[in-house]
Amino acid sequence: MILLVPANPLRPRHPDEHFASEAQAARAAGLNVAVVDHDALVQGGDVRRAVASVSGSGMAVYRGWMLRREQYATFAEILAERGVV
């Protein structure tokens, strides 16, 4: 299981401060945690860049800022290309 959380805009390799404690708890529980670039997801440019730090495959749960329906669909498609559901 992978927990996906938004990246901190000022420290892109770290979880956004609003989700940092959840990411820390998930890691402590043995889950993989990856950050995603929320801005890249919502701006619709290079969406693949948004998930560049996601490694591994399998089930994932996104815990982050809301997206529009079409953004969630694109997010899911790009993750599926990487073997993440």
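Just above, that's the structure.
Residues numbered from 1 in each chain as written. Predicted model: local features only at pLDDT ≥ 70, side-chain atom pairs only at ≥ 80, totals over all residues. Heavy atoms only, no water.

Asker: Got a minute to help me understand the overall build of the protein in this structure?
Answerer: Looking only at helices and strands, the protein has four helices and three strands in total. Helices (α) and strands (β) of the protein occur, in sequence order from the N terminus, as β-α-β-α-α-β-α. Here the protein has a C-alpha radius of gyration of 12 Å; the compact-globule value for 85 residues is 12 Å, and the two agree. For the protein, buried positions account for 36% of its 85 residues. Entry remark: accessible area of the protein is about 5400 Å², with carbon and sulfur atoms responsible for 53%. When the 9 positive and 9 negative side-chain charges of the protein are each reduced to one mean point, those points stand 3 Å apart. (Helix = DSSP H or I, 4+ residues; strand = E, 2+ residues; numbered from the N terminus. Rg over C-alpha atoms; globule rule 2.2 N^0.38 Å. Buried < 20%, exposed > 50% of the residue type's maximum accessible area, 1.4 Å probe, protein only. Areas by Shrake-Rupley, 256 points an atom, 1.4 Å probe, with all protein chains shown as cover. Lys, Arg positive; Asp, Glu negative; His and termini not counted. Charge placed at Lys NZ, Arg CZ, Asp CG, Glu CD.)

Asker: Where do I start with a nonpolar patch on the surface in this structure?
Answerer: Taken together, the side chains of Met1, Leu31, Met59, Val61 and Val85 present a nonpolar region at the surface, about 480 Å² in accessible area. Relative to the elements of secondary structure, Met59 occurs in the loop between helix H3 (47-50) and strand S3 (60-62). By relative accessible area, which is 52% here, Met59 ends up exposed. (Patch = residues over 30% accessible without salt bridge, like charges linked within 9 Å, V, L, I, M, F, W, Y side chains within 5 Å. Salt bridge = Lys/Arg side-chain N within 4 Å of Asp/Glu carboxyl O.)

Asker: I keep staring at the pattern of salt bridges and nothing clicks. Help me out?
Answerer: Pairs can form between side chains of opposite charge once their charged atoms are near each other. All told, the structure shown has four salt bridges when counted by the stated rule. A salt bridge links Glu81 to Arg48; the nearest nitrogen and oxygen atoms lie 2.9 Å apart. Taken together, the residues span a long stretch of sequence, with Glu81 in helix H4 (residues 69-81) and Arg48 in helix H3 at a distance of 33 residues. Among the residues examined, Glu81 registers a relative accessible area of 52% and is labelled exposed. Here Arg68 and Glu70 are joined by a salt bridge, their closest N and O atoms 2.8 Å apart.

Asker: I'm lost on the environment of Ser21 in this one. Help?
Answerer: Locating Ser21 in the fold gives a position in helix H1 (residues 20-28). Taking relative accessible area as the criterion, Ser21 reaches 51% and is therefore assigned exposed. Expressed as a C-alpha distance, the spacing of Ser21 and Arg48, which sit 27 residues apart in the sequence, is 26 Å.

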